[in-house]
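In case you want the letters, here they are:
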Amino acid sequence: MRPHMSWRTMLVDGRDASYGVAGDGPAVVFLHGWGLSHRTYRHGLERIVGHGARVLAPALPGFGGTAPLQSRKFALEGYADWVAAFIREVGVEGPVTLIGHSFGGGVALRTAHDHPELVGQLVLVNSIGGSVWANRGELPVLLADRPIWDWGLHLAAHALSVRSFTRVMPVIAADAVPNFLLHPGTLWKVGRLARDANLATELEELKQRGLPIVIVWGRDDTVLPWACAESLAVALGGPRVVTVPGNHSWLLADPRRFAEVITNVLGVAQDEESQAS
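Residues numbered from 1 in each chain as written. Predicted model: local features only at pLDDT ≥ 70, side-chain atom pairs only at ≥ 80, totals over all residues. Heavy atoms only, no water.

(A) Examining unusual backbone geometry more closely. The phi dihedral of Asp-13 falls on the positive side, at around 55°, and the residue is not glycine. Relative to the helices and strands, Asp-13 is located in the loop between β1 (6–12) and β2 (15–22). Phi is positive for Ser-102, close to 60°, though the residue is something other than glycine. As for its placement among the helices and strands, Ser-102 is situated in the loop between β5 (96–101) and α3 (103–114). Here Ser-102 falls in the buried class, since its relative accessible area comes to 11%. (Helix = DSSP H or I, 4+ residues; strand = E, 2+ residues; numbered from the N terminus. Buried < 20%, exposed > 50% of the residue type's maximum accessible area, 1.4 Å probe, protein only.)

What follows is the structure, given as structure tokens:
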């Protein structure tokens, strides 16, 4: 019988926070994507728990019942500080494997950079962070220069694809609609934050530190195309890259494959650690 996530609340920095937790074993902290919440990914996360990990999945500030960041803290740095406070508050001992999808990947990158003592391994799933949106001839088009309408066009096309509409849309709608109704301004601001994020300095420092990093990417992603993955990999100095079938939300459409990929990543990291010791 597959384990189930337990949904809880607590205070982080004195403000309400929602999160899911299940399992025993090595700690895995998962950060969700834009407009979604911790509950959106529960089927894949529960499968990871079934493979022997302890999974903690917070709803990032402004989503899923977690209080928004204060205005003065609204930046990737503020989100990273919040994640660090969450990890400490929930009582995890030792560095965690930090996994981030889409916008959550950018938050994970900044958390690993700003709070290195908390992160032992980083997994980036179709994540923001790479500076390039597309390659046109010899000239790269930067992600920050991508028109807002183009983001919307590809998000709509992705949502209306047959696979996404039948498998992913009901799951997304259950979380995205309440998020929009409760905090519409937060969704807009986080979208701009994701589009304009410049993590070149952080990526260079993470490369110099040698932090174990794995990039996992759905090959058919048009929201964050393959050029984004390539620029991310180059900036990080050539980390391990795993490609899978599917688009930006492949891990929601195929939670079994997501769990298998993450379990393999965790297994490789544990084997390397054992060999090193």
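(B) Examining the sheet that holds β5 more closely. Strand order in the open sheet made by the eight strands is β1-β2-β4-β3-β5-β6-β9-β10, with mixed pairing throughout. The sheet is open, and its two edges are formed by β1 and β10 (240–244), each paired on a single side. In this sheet, adjacent strand axes meet at a mean angle of 25° when their direction is disregarded. Summarising the sheet, strand β3 (residues 27–31) and β5 pair through four bridges and their orientation is parallel. From the neighbouring strand, Phe-30 faces β5, where its bridge partner is Ile-99. Contacting β1, β2, β3 and β4 (54–58), helix α1 (residues 42–50) runs over the sheet at an angle of about 155° to β4. Where helix α8 (residues 226–235) meets the sheet, it contacts β6 (119–125), β9 (213–218) and β10, and its direction lies at approximately 170° from that of β9. (Pairing = 2+ DSSP bridges. Axes fitted to C-alpha atoms, helices over the stretch in contact; angles between N-to-C directions. Contact = heavy atoms within 4.5 Å.)

(C) Main features of the nonpolar core. In this structure, Leu-60, Tyr-79, Phe-86, Phe-103 and Leu-122 are the most contacted members of the largest nonpolar core, which totals 50 residues. Counting residues per element, this core draws most heavily on helix α2 (residues 76–90), which supplies nine residues. Non-local contacts of Leu-122, meaning those with residues more than four positions away in its chain, are made with Leu-98, Ala-108, Leu-109, Ala-112, Leu-206, Leu-211, Pro-212, Ile-213 and Val-214. Counting residues in each nonpolar core, the second largest holds 28 residues, with Val-123, Val-216, Leu-252 and Val-265 among its members. (Core = buried A, V, L, I, M, F, W, Y, C linked by side-chain atoms within 4.5 Å.)

(D) A look at the pattern of salt bridges. Throughout the structure, instances matching the rule amount to six salt bridges. Note that Arg-110 and Asp-114 form a salt bridge whose closest N and O atoms lie 2.8 Å from each other. With Arg-110 and Asp-114 both in helix α3 and four residues apart, the pair spans about one turn of that helix. Judged by relative accessible area, Arg-110 falls into the buried class, the value being 17%. Among the residues examined, Asp-114 registers a relative accessible area of 24% and is labelled partly exposed. Arg-209 is the salt-bridge partner of Glu-205, the closest N and O atoms lying 2.8 Å from each other. With Glu-205 and Arg-209 both in helix α7 (residues 200–209) and four residues apart, this pair spans about one turn of that helix. With a relative accessible area of 35%, Glu-205 lands in the partly exposed category. Classification of Arg-209 by relative accessible area gives partly exposed; the value is 35%. Shared partners join several salt bridges into a network, and the residues in it are Arg-110, Asp-114 and Glu-202. (Salt bridge = Lys/Arg side-chain N within 4 Å of Asp/Glu carboxyl O.)

(E) The arrangement of the pairing of β2 in detail. Burial analysis of β2 places six of its eight residues in the buried class, the great majority of the element. Bridging between β1 and β2 involves seven bridges; their strand directions are antiparallel. Bridging from a neighbouring strand, Met-10 pairs with Ala-17 of β2. The turn linking β1 back onto β2 is made up of two residues, and Asp-13 within it adopts a positive phi angle of 55°. Alignment of β2 against β4, held across four bridges, turns out to be antiparallel. Bridge pairing in β4 places Gly-20 opposite Ala-57.

(F) Representation of the pairing of β10 in the model. With five bridges joining them, β9 and β10 adopt parallel strand pairing. By the bridge assignment for β10, Ile-215 is matched with Val-241. Chirality of the crossover, the property in question, places the unit of β9, α8 and β10 among those that are right-handed. (Right-handed = clockwise from strand over helix to strand, strands pointing away.)

(G) How the structure looks around the environment of Leu-36. Looking at the element boundaries, Leu-36 is found in the loop between β3 and α1. Of the residues examined, Leu-36 reaches a relative accessible area of 7% and is grouped as buried. A sequence separation of 28 residues divides Leu-36 from Gly-64, and the C-alpha atoms of the two residues are 7.3 Å apart.

These values are about where atoms sit, not about what they do.
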